[in-house]
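Each chain, written out:
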Amino acid sequence: MQKEFLFLSGQIRALQSKLLTLPQMDRMIGARTPEEAFRVLVELQYAQYFDESTRPEDFHRVIRQGILETKQLIQKGTDNDPAFEFVWRELDLNSLKRALKIRLVENGTEIKDFTEENGFSDYGDLTKEQVEAIVFRGEQLDQIPHEYGRAIAKAIAYFEEHADFQQVEFLLDRAHFDFLDRIARKSPHDFLRNLLAFQADVTNIRSAARLILLYETALPAEGFLPYGTFDFSLFKEAKTREALLAALKKTRFEPMLQTLKAETAPEQLLVQIGRALDERFQAFLSDAESGEIGSIQIPLVYLERRLQNARRLKFIMFAKFYGLDPEKIYEVLPTL
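Criteria and thresholds
Residues numbered from 1 in each chain as written. Predicted model: local features only at pLDDT ≥ 70, side-chain atom pairs only at ≥ 80, totals over all residues. Heavy atoms only, no water. Phe/Tyr/Trp six-rings, centres within 6.5 Å; stacked < 30°, edge-to-face > 60°. Helix = DSSP H or I, 4+ residues; strand = E, 2+ residues; numbered from the N terminus. Buried < 20%, exposed > 50% of the residue type's maximum accessible area, 1.4 Å probe, protein only. Salt bridge = Lys/Arg side-chain N within 4 Å of Asp/Glu carboxyl O.

## Overview of the packing of aromatic side chains
Here comes step 1: The final tally for this structure, using the stated rule, is 14 aromatic pairs.
Here comes step 2: Seen from their ring centres, Phe 59 and Phe 321 are 6.0 Å apart, and the 25° between their planes marks the pair as stacked. You can see Phe 59 sitting in helix H4 (residues 59-77) and its partner Phe 321 sitting in helix H12 (residues 297-321), a full 262 residues away along the chain.
Here comes step 3: With a centroid separation of 5.4 Å and 50° between ring planes, the pair formed by Phe 224 and Phe 232 is classed as tilted.
Here comes step 4: Judged by its relative accessible area of 17%, Phe 232 falls in the buried class.
Here comes step 5: A network of ring pairs unites the aromatic residues Phe 191, Phe 198, Phe 253, Phe 281 and Phe 284 as a single cluster.

Structure representation (structure tokens):
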């Protein structure tokens, strides 16, 4: 029988009114000073973390406290349902990838700066010490899915022979989706299988688009995730912009082609595709949550929106401190 989360869903419905709105975001972007932008956070779910000593420079701490509180709320309200591994482990995956890059590409022996600005996530389940132990010393492997452990060992051996970090990322991505597939198969929540397929499709398109537009190279078989809704043959021979767009036309993402400006430079087209995929993901989440009462979709979708809010709030605050023009802020925000 599928679990329901009626009490938690009721709590979340009440909290949704505190999510960042477009008018509030506009006020932050148009603020004359960081102090003025920072005051908007009091209107959201962060007011309780303010006191007379709180300064605009504390924005990262304030936002982090809010996310960790949401994490605790959801873990308690769902009895730590494995479905949320879809969120926490993706954050851990990014931290592991960044640590591997430090070890393999930058020849580092430790993590000196465990922050989002340096490519890490402090919202996941792994601490800085655990990531260091796993990547640099091969210890504490019981803290990660066994799929990750095997992939990390294989990735290190492969890089030492071929010095190709792209393959390292492919190995970690495949391990991540193998793990998510295991979670989805065991879960009573049908939505997870739809979420897995959607995320696999998006990852495959991002990987193919990056290789084609930046390097005129087709996506290799080892870079393709077999958990989506289209077959590898669709992108197997695609090496040009025209071939990429023709392949996209045969997927469920065909409607987003209308938003792309194919005459733009490859780098710009890649950004447009990323932005369109993000918009499709938000629409997918909204559709999944619509009409639900006590399903897993409600806390999952809320969590995704909270994380997106946090990314945007932090970027706006950084932009204000560095004097970035509002036009540039608006240009970057859709990619976060």
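The discussion continues.
## Quick word on the pattern of salt bridges
Oppositely charged side chains are able to pair whenever their charged atoms sit close together.
Here comes step 1: Applying the stated criterion to the full structure yields 21 salt bridges.
Here comes step 2: The partner of Glu 85 in a salt bridge is Arg 89, and the shortest N-O contact between them spans 3.3 Å. Separated by 4 residues within a single helix, Glu 85 and Arg 89 lie in helix H5 (residues 85-104), roughly one turn from each other.
Here comes step 3: Classification of Arg 89 as buried rests on a relative accessible area of 9%.
Here comes step 4: In this structure, Asp 178 and Arg 174 form a salt bridge, with 3.0 Å as the shortest nitrogen-oxygen distance. In this pair, Asp 178 and Arg 174 are both assigned in helix H8 (residues 165-186), 4 residues apart and thus about one turn of the helix distant.
Here comes step 5: Taking relative accessible area as the criterion, Arg 174 reaches 33% and is therefore assigned partly exposed.
Here comes step 6: Each of Arg 13, Glu 289 and Arg 305 takes part in one network of salt bridges that share partners.

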